[in-house]
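Here's the letter readout for the chains.
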Amino acid sequence: MFSSKSDKDTVDLSKFPADRIRNFCIIAHIDHGKSTLADRLLEMTGAIAKTDKNKQVLDKLQVERERGITVKAQTASLFYSHEGQQYLLNLIDTPGHVDFNYEVSRSLAACQGVLLIVDANQGIQAQTVANFYLAFEAQLPIIPVINKIDLKNADPDRVEAQIETVFDIPTEECIRISAKLGTNVEKVLQAVVDRIPPPVMSTDSPFKALVFDSNFDHYRGVVANIAVFGGQVRKGDKIVSAHLGKTYEVNELGLLRPDEYPTQRLFAGQVGYIIAGMKDVKEAQIGDTLHLQEQPVEPLPGFKPAKAMVFAGMYPVDQSEYIGLRSAIERLTLNDSSVSVQRDSSLALGAGWRLGFLGLLHMEVFNQRLEQEYNASVIVTAPTVPYKAVLSSAKLIKSCRAVQKNMVYIDDQRVMMKYLFPLNEIVVDFYDLLKSISSGYASFDYENSGYQTADLIKMDILLNGRPVEELTTIVHRQRAYNTGKAMCERLKDSIPRQMFEIAVQAAIGSKVIARETIKAYRKNVLAKCYGGDITRKMKLLKKQAEGKKKMRRIGNIDVPKDVFISVLKRKDK
Ligand SMILES: Nc1nc2c(ncn2[C@@H]2O[C@H](COP(=O)(O)OP(=O)(O)OP(=O)(O)O)[C@@H](O)[C@H]2O)c(=O)[nH]1
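Computed from a prediction, not measured in an experiment: that's the story for all the values here. (Residues numbered from 1 in each chain as written. Predicted model: local features only at pLDDT ≥ 70, side-chain atom pairs only at ≥ 80, totals over all residues.)

Visitor: Help me out: how do you make sense of the overall build of the protein in this one?
Guide: Helices and strands together make up the secondary structure of the protein, namely 13 helices and 29 strands. When burial is assessed residue by residue, the protein has 40% of its 573 residues classed as buried. Sequence separation of 24 or more characterises 68% of the internal contacts of the protein that already satisfy a separation of 6 or more. (Helix = DSSP H or I, 4+ residues; strand = E, 2+ residues; numbered from the N terminus. Buried ≥ 20, exposed ≤ 12 C-beta atoms within 10 Å, placed from the backbone. Contact = placed C-beta atoms within 7 Å.)

Structural data, given as structure tokens:
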């Protein structure tokens, strides 16, 4: 076992010929226990010490810890002894939420098999199906793992039957575990070795590696995660990025265990990281191929670019922060290449960008990461979905309602239904609503099915007669009144009273269709501060000033920044 620090530079990875390497992903519906299983696998192989404090070790980002979800795929190399042989297992833990499916497809390109985790109580859910098909289409062996068998309501027999009905995988292939308690987790490791094939590649061929992920490190520049598909690379080698044709010298490379673990070389079949003095974020394109300067190779196919579904404007709170925010957005998009960025400007908000995301959660997480990891302060406009406008007087009127496409019974308690929806109906809060009306039982996944004609109009929101650009939305004509009324009511509840009365209006062109009034009020923060304690007064005024920083000033009205998204959610239904 290579665990002590002093081993680092002497680890000889050539001890792991490709036939003793396994590269696999853990995929599942959200919360079915991928990260918890990854914790147990890391503990059992000695990558981390065994303690009850190991909770979702691979979820490293602050946003992942706060929300309890995986946002970025993470890699860890494990050394595992099985029947007298030592194996190198490269594990990739992937996110479960539909918005981060792109991370899953990318991770699959670096693997030869997957563990498909299914909760023993919830059974097959929407992302179980979506992720199964990603792996199935990539022709990867799938090991079904039924997790949480320790739960009182666990019903592994029913879940095994579902897996057989829906995925055509024999029940005998399922492994029943409790990732929380560690029950049967050893069997999962054995199955990885026995059922997932080793990568078929040669260390004698020219070096060829796929960049499947990358990060920007403030001190060391770009850190690229690579899967080596042929040959070997060592410190000091001159490598070329096939995309730009630029040459770099390898400064550092190694495994992720899950922390960086420098080694002398990386070989075909291995997954690891490489630092090669790439300073500009555009230099490490995800999907790019790396090769040695003196041995050009045919580039790998790379990835289909992610298709943005939700668009929003992003602007610095203060225009003097434009350059800082630009560099933060560039660096974060390197870490999350599924975000599309275009320069934009607005009369009210100045210079900024129009960003495309895969869904609303993706957008919220990106915004939170900008604030937490890059200390940036941004204004985000109301998210919209892409439309194609036809400038013609005749338009067909089509119903905005969903059209059912098909329905399949998974078992006697669950049914899978397919609908055709307008994207703007599902993008903001459909998932939350579905969860709440089904008491958490229903799950949901979607894919793009193209453009359709609809009768849409632009609706403005005015505060004391002044349009608020961030809240301008495109709505279906028949829904305009209800949506406008609901938005005005929510704004009334969300905007703190100020020293003057505020009229909140929804308007189509010059016609006002809904109105609410926020009554005047003066918050005297010093009211409780009788007497002459000046330090206490200063403290209260400072607190008030800090509160104001979280506000966006529209005309003379302070609006809390989170209102711009929350106002679109249909909480009251
Ligand atoms: N009872 C029980 N709870 C479990 C088990 N495995 C995971 N959990 C719990 O289920 C919840 C979700 O677990 P995670 O490991 O974060 O799930 P995940 O699939 O990684 O979630 P995402 O990455 O957000 O998709 C956590 O509260 C875990 O403690 C298990 O075997 N038994």
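After that view, the rundown keeps rolling.
Visitor: Sorry if this is basic, but what is going on with the sheet that holds strand E6 (residues 175–176) here?
Guide: Spatially, 6 strands are ordered E2-E3-E1-E4-E5-E6 in an open sheet, and the strand pairing comes out mixed. Either end of the sheet is taken by a strand with one partner, and the two such strands are strand E2 (74–82) and E6. In this sheet, E6 lies alongside strand E5 (residues 142–147) in parallel orientation, the contact comprising 2 bridges. Paired with Val145 across the bridge in E6 is Ile175. (Pairing = 2+ DSSP bridges.)

Visitor: What is the right way to read the environment of Asp204 from this model?
Guide: For Asp204, the position within the fold is in the loop between helix H6 (185–195) and strand E7 (208–217). Sequence separation between Asp204 and Phe267 is 63 residues, and the spatial gap between their C-alpha atoms is 9.6 Å.

Visitor: Can you help me understand the environment of Ala76 in this one?
Guide: Inspection of the secondary structure assignment puts Ala76 in strand E2. Each C-alpha atom, one on Ala76 and one on Leu41, is 9.9 Å from the other, the two residues being 35 residues apart in sequence.

Visitor: Just to check I follow, could you spell out the sheet that holds strand E8 (residues 221–230) for this structure?
Guide: Neighbouring strands of a sheet are bound in pairs by backbone hydrogen bonds; such pairs are parallel or else antiparallel. Across the sheet, which stays open at both edges, the 8 strands sit in the order E11-E10-E16-E7-E8-E15-E12-E13 with antiparallel pairing between neighbours. Only two strands of the sheet have a single neighbouring strand rather than two, namely strand E11 (247–249) and strand E13 (260–262). Sheet twist, expressed as the average angle between the axes of neighbouring strands with direction ignored, equals 40°. (Axes fitted to C-alpha atoms, helices over the stretch in contact; angles between N-to-C directions.)

Visitor: Hey, could you run me through the confidence of the model for the protein in this one?
Guide: On average, the protein scores 78 in pLDDT, and the residues at 70 or more come to 73%. Per-element mean pLDDT across the protein ranges from 60 in helix H2 (residues 62–67) up to 98 in E6. The low-confidence segment residues 1–10, where pLDDT is below 50, has 10 contacts with residues more than four positions distant or belonging to other chains. In the predicted structure, residues 396–401 sits below a pLDDT of 50 and forms 11 contacts with residues beyond four places in sequence or in another chain. (pLDDT = per-residue confidence, 0-100.)

Visitor: Mind showing me how you'd approach the packing of helix H1 (residues 34–44) against H6 here?
Guide: Describing two packed helices takes the angle between their axes plus the distance from one axis to the other. At a minimum axis distance of 10 Å, the contact between H1 and H6 shows a crossing angle of 80°. For the element pair H1 / H6, the angle class is roughly perpendicular. Counted together, Arg40, Leu41 and Met44 of H1 and Val185, Glu186 and Leu189 of H6 form the full contact between these two elements. Here the residues of the contact of H1 with H6 are counted per class, giving 4 nonpolar, no polar and 2 charged. (Parallel < 35°, antiparallel > 145°, perpendicular 65-115°, else oblique. Nonpolar A, V, L, I, M, F, W, Y, C, P; charged D, E, K, R; others polar.)

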